[in-house]
Amino acid sequence: MNTKVTIAGVTFDNPVMVASGTFGSGEEFSEFVDLNRLGAVVTKGVANIPWPGNPTPRIAEVYGGMLNAIGLQNPGIDVFVSRDIPFLKKYDTKIIVNVCGKSTEDYCEVVERLADQPVDMLEINISCPNVKEGGIAFGQDPKAVEAITREVKKHAKQPVIMKLSPNVTDITVMAKAAEAGGADALSLINTLTGMKIDVNKRTFAIANKTGGLSGPAVHPIAVRMVYQVANAVKLPIIGMGGIQNTEDALELILAGATAVSVGTANFANPMVTMEIVDGIEQYMQMHGVADINELIGAVK
Amino acid sequence: MAEKFKEQAVVISQEQIAPEIYSLWIKTDKIAQYAKAGQFISIYCDDGSRLLPRPISICEIDKEDSALHLVYRIAGKGTAEFSEKQTGDHLSVMGPLGNGFPLKGKKAFLIGGGIGIPPMLELAKQLNCEKQIILGYRNSDMFLLDEFKKQGEVYIATEDGSVGTKGNVLDAIRENALDAEVIYACGPTPMLRALKNYAAENNIECWISMEEKMACGIGACLACVCKSKEVDGHTNVHNKRVCKEGPVFLAEEVEL
């Protein structure tokens, strides 16, 4: 049975990854998860300098999901390179570094710093809804998506994944813009902007007022968008959005994703990624699927 | 790295001990063996619409029977779900989490306010020194009082004045002219803020247990940070994680 998948020349032992921001750089979860068994670890977003993130409360639970507005708190590229990459290199898994910035120059600075580092791919976060500058501001305008993709590609040594926002009228427009800019792959979806109000305190549940909605509530949107993008561009897709179990992961693969990232479900069950890795193999056995690649985009 | 475990705990017993306050004993496989006073556990909901674990402080640790005593308030649908659990039912839990209280052999105040009272009980049992226990309740609906009386001198403050000193825990300290060399406290932020100031004015070492909305409970998601005086070890800013570097902090170390 083959569970290996290849994206932009990088081969992953299996298609199960973790979604940026839900797994740190893997150290905290390594007590519960055998990182060697993950297709890849996608790190928390890293910027050129440390970012303190947003005021608290930063999260709120909602029915079937959660809102977060962490604000990309991260230690910056220096600490990341000296601490987090050496940690991840101890494991037999691929490393995808999520890159965030406030300007094109910020992104390019981080990408350049990573050029001689042993990381496998870069995921460019142009879709975080919780920061005032950068983030989603790049991801909602096709001209900006194309321009930043082109600039990042000029500086990048590793293949570039552009992470798309669902907070747009037509996600295929953004996907095509990233493709035109030279992206090697796409990941989608980031969170959907939402809001919760605490009726007893008569205030916003999170300090940032708005936050990104994730969890099973958004899963059908992710399936729809992966399907749309898979049919609009030739680029490989890493699908994510509300994956809770094997069935959810397979849905995204059948819709057109080459690999999948598990995010919020890590909070509900820290071992969920291991269960999905096993679950996909069981599904393949049960349904006589010799190669996982047969399933990618199999539902037309 | 501190050992943490995800387990299916079994409910030994559960009873309501005050309005909205429940006392729950669970049997764990390993968590109780490793738990310390001031640590907490994450409890997961059975209802799939509620994704995030609820952080609940540890009230008592019974290492002999590998059991934990949890006393919690119904704050929403998740904790309401837990309150329905009966003897023999399973509860998905992870822990022990956080750092816990440091045990100092000095004349101590143990101060709990509201649902911050429970973690002070295991601390009281662990501390081998002169203990003055000051408990702040809203009114005469008190809980865990008999258990605390076995551990030291207990002073009570109630907001409505129905029992003990009318007012807050600091009013009780002043009314009884109490003094101490170290303070341990858990409770609402205004109480912790007042104690931080009191400790600074009187030059007393003060350890406080903080609370913040959490998602992962293990330091990965960065939801539960508090503002710290020193640069934190994770991000190199001034954000310490309540779930990991806390929940117990030296009061002077955090902004409240």
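Everything numeric here is computed off the predicted structure, so don't read it as measured data.

What to know about the sheet that holds strand E11 (residues 192-195) of chain A
Residues and elements named next belong to chain A.
Phase 1 of the analysis: Spatially, the four strands line up as an open sheet ordered E5-E6-E14-E11, and their pairing is antiparallel. Among the strands making up the open sheet, the edge pair consists of strand E5 (59-62) and E11. Within this sheet the neighbouring strands show an average axis-to-axis angle of 40 degrees, counted without direction.
Phase 2 of the analysis: In the sheet, E5 pairs with strand E6 (residues 65-68) via four bridges, with the strands oriented antiparallel. Looking at the pairing, alanine 60 lines up with leucine 67 of E6.

Description of the packing of helix H7 (residues 246-255) of chain A against helix H9 (residues 272-286) of chain A
Residue and element names in this part refer to chain A.
Phase 1 of the analysis: Across the interface, H7 lies against H9 with an axial gap of 9 Å and an inter-helix angle of 65 degrees. Considered as vectors, H7 and H9 are oriented roughly perpendicular to each other. In this structure, the crossing between H7 and H9 has a hand that is right-handed. Touching Thr246, Ala249, Leu250 and Ile253 of H7 are Glu275, Ile276, Gly279, Ile280 and Tyr283, all from H9.
Phase 2 of the analysis: Split into classes, the residues belonging to the contact of H7 with H9 amount to six nonpolar, two polar and one charged.

Considerations on the nonpolar core
Phase 1 of the analysis: Judged by nonpolar contacts, the single largest core of 139 residues is most densely connected at Leu114, Ile124, Leu186 and Leu188 of chain A together with Ile111 of chain B.
Phase 2 of the analysis: If sequence neighbours within four positions are ignored, isoleucine 111 of chain B has contacts with Met120, Ile134, Val169, Ile173, Ile183, Tyr184, Ala185, Cys186, Met191 and Leu195 of chain B.
Phase 3 of the analysis: If you look at the next biggest cluster of nonpolar residues, it comprises 29 residues, including Leu121, Ile156, Val182 and Cys186 of chain B.

Points about the pattern of salt bridges
Phase 1 of the analysis: If you walk through the whole model with that rule in mind, you get 20 salt bridges over all chains.
Phase 2 of the analysis: Of the charged contacts in the structure, one is a salt bridge between lysine 153 of chain A and aspartate 184 of chain A, with a shortest N-O distance of 2.8 Å. Highlighted residues: lysine 153 of chain A in helix H4 (residues 142-155) and aspartate 184 of chain A in the loop between helix H5 (171-180) and strand E10 (185-188), separated in sequence by 31 residues.
Phase 3 of the analysis: Classification of aspartate 184 of chain A as partly exposed rests on a relative accessible area of 21%.
Phase 4 of the analysis: Notably, a salt bridge pairs glutamate 205 of chain B with lysine 104 of chain B, separated by 3.4 Å at the nearest N-O pair.

Side note on a nonpolar patch on the surface
All names here are of chain A.
Phase 1 of the analysis: Taken together, Met195, Ile197, Val199 and Phe204 make up a surface patch of nonpolar side chains, about 390 Å² in accessible area.
Phase 2 of the analysis: For valine 199, the position within the fold is in the loop between strand E12 (197-198) and strand E13 (203-204).
Phase 3 of the analysis: The exposure class of valine 199 is exposed, given its relative accessible area of 63%.

Focus: the pairing of E5 of chain A
Phase 1 of the analysis: With burial as the criterion, each face of E5 of chain A is covered, one bearing Ile59 and Glu61 of chain A and the other bearing Ala60 and Val62 of chain A.
Phase 2 of the analysis: Where E5 of chain A hands over to E6 of chain A, the hairpin turn is made up of two residues, of which glycine 64 of chain A adopts a positive phi near 70 degrees.

Focus: the environment of phenylalanine 204 of chain A
All names here are of chain A.
Phase 1 of the analysis: With respect to the element layout, phenylalanine 204 can be found in strand E13.
Phase 2 of the analysis: Separated by 147 residues in sequence, phenylalanine 204 and proline 57 have C-alpha atoms that sit 9.5 Å apart.
Phase 3 of the analysis: The residues touching phenylalanine 204, leaving out its near neighbours within four places in the chain, are Met195, Lys196, Ile197 and Lys209.

Observations regarding the interface of chain A and chain B
Phase 1 of the analysis: Listed by partner, the interface residues are 38 residues for chain A and 34 residues for chain B.
Phase 2 of the analysis: Between chain A and chain B we count three salt bridges in total.
Phase 3 of the analysis: Two residues, arginine 54 of chain B and glutamate 61 of chain A, come together in a salt bridge whose shortest N-O distance is 2.6 Å.
Phase 4 of the analysis: The tally of links between chain A and chain B comes to 13 residue pairs in polar contact (both at pLDDT 80 or more).

Remarks on helix H2 (residues 104-113) of chain A
Phase 1 of the analysis: Every buried residue of H2 of chain A is listed here: Thr104, Asp106, Tyr107, Cys108, Val110 and Val111 of chain A.
Phase 2 of the analysis: Close packing links the buried residues of H2 of chain A with helix H1 (76-89), strand E7 (94-99), strand E8 (121-125), helix H3 (136-139) and H4 of chain A.

Section: the confidence of the model for chain B
Phase 1 of the analysis: For chain B, mean pLDDT is 96; residues scoring 70 or higher make up 100% of the total.
Phase 2 of the analysis: This prediction of the complex comes with two scores: 0.95 for pTM and 0.94 for ipTM.

Quick look at the packing of H4 of chain A against H5 of chain A
Residues and elements named next belong to chain A.
Phase 1 of the analysis: Orientation of H4 relative to H5, taken along the N-to-C sense of each, is 30 degrees, at an axis distance of 7 Å. Taken together, the axis directions place H4 and H5 in an arrangement best described as roughly parallel. Seen from above, H4 lies across H5 with right-handed handedness. For the pair formed by H4 and H5, the contact residues are Pro142, Val145, Glu146, Thr149 and Arg150 on the first element and Val173, Met174, Ala177, Ala178 and Ala180 on the second.
Phase 2 of the analysis: Taken together, the residues of the contact of H4 with H5 break down into seven nonpolar, one polar and two charged.

Quick word on the sheet that holds strand E5 (residues 60-62) of chain B
Residues and elements named next belong to chain B.
Phase 1 of the analysis: Pairing within the open sheet is antiparallel, and its seven strands lie in the order E4-E3-E7-E1-E2-E6-E5. With one partner strand each, in any of the chains shown, strand E4 (54-57) and E5 form the two edges of the open sheet. Strand-to-strand twist across the sheet, computed as the mean angle between neighbouring axes with direction ignored, equals 35 degrees.
Phase 2 of the analysis: Bridge count for strand E1 (residues 5-18) against strand E2 (residues 21-27) is seven bridges, and the pairing is antiparallel. Residue valine 10 lies in a different strand from E2, and its bridge partner there is lysine 27.

Here is what the cut-offs are and how they apply
Residues numbered from 1 in each chain as written. Chains lettered and ligands numbered in written order. Predicted model: local features only at pLDDT ≥ 70, side-chain atom pairs only at ≥ 80, totals over all residues. Heavy atoms only, no water. Pairing = 2+ DSSP bridges. Helix = DSSP H or I, 4+ residues; strand = E, 2+ residues; numbered from the N terminus. Axes fitted to C-alpha atoms, helices over the stretch in contact; angles between N-to-C directions. Parallel < 35°, antiparallel > 145°, perpendicular 65-115°, else oblique. Left-handed = near helix turned anticlockwise from the far one by under 90°. Contact = heavy atoms within 4.5 Å. Nonpolar A, V, L, I, M, F, W, Y, C, P; charged D, E, K, R; others polar. Core = buried A, V, L, I, M, F, W, Y, C linked by side-chain atoms within 4.5 Å. Buried < 20%, exposed > 50% of the residue type's maximum accessible area, 1.4 Å probe, protein only. Salt bridge = Lys/Arg side-chain N within 4 Å of Asp/Glu carboxyl O. Patch = residues over 30% accessible without salt bridge, like charges linked within 9 Å, V, L, I, M, F, W, Y side chains within 5 Å. Areas by Shrake-Rupley, 256 points an atom, 1.4 Å probe, with all protein chains shown as cover. Polar contact = N/O pair within 3.5 Å; in protein donor to acceptor, adjacent residues only side chain to side chain. pLDDT = per-residue confidence, 0-100.

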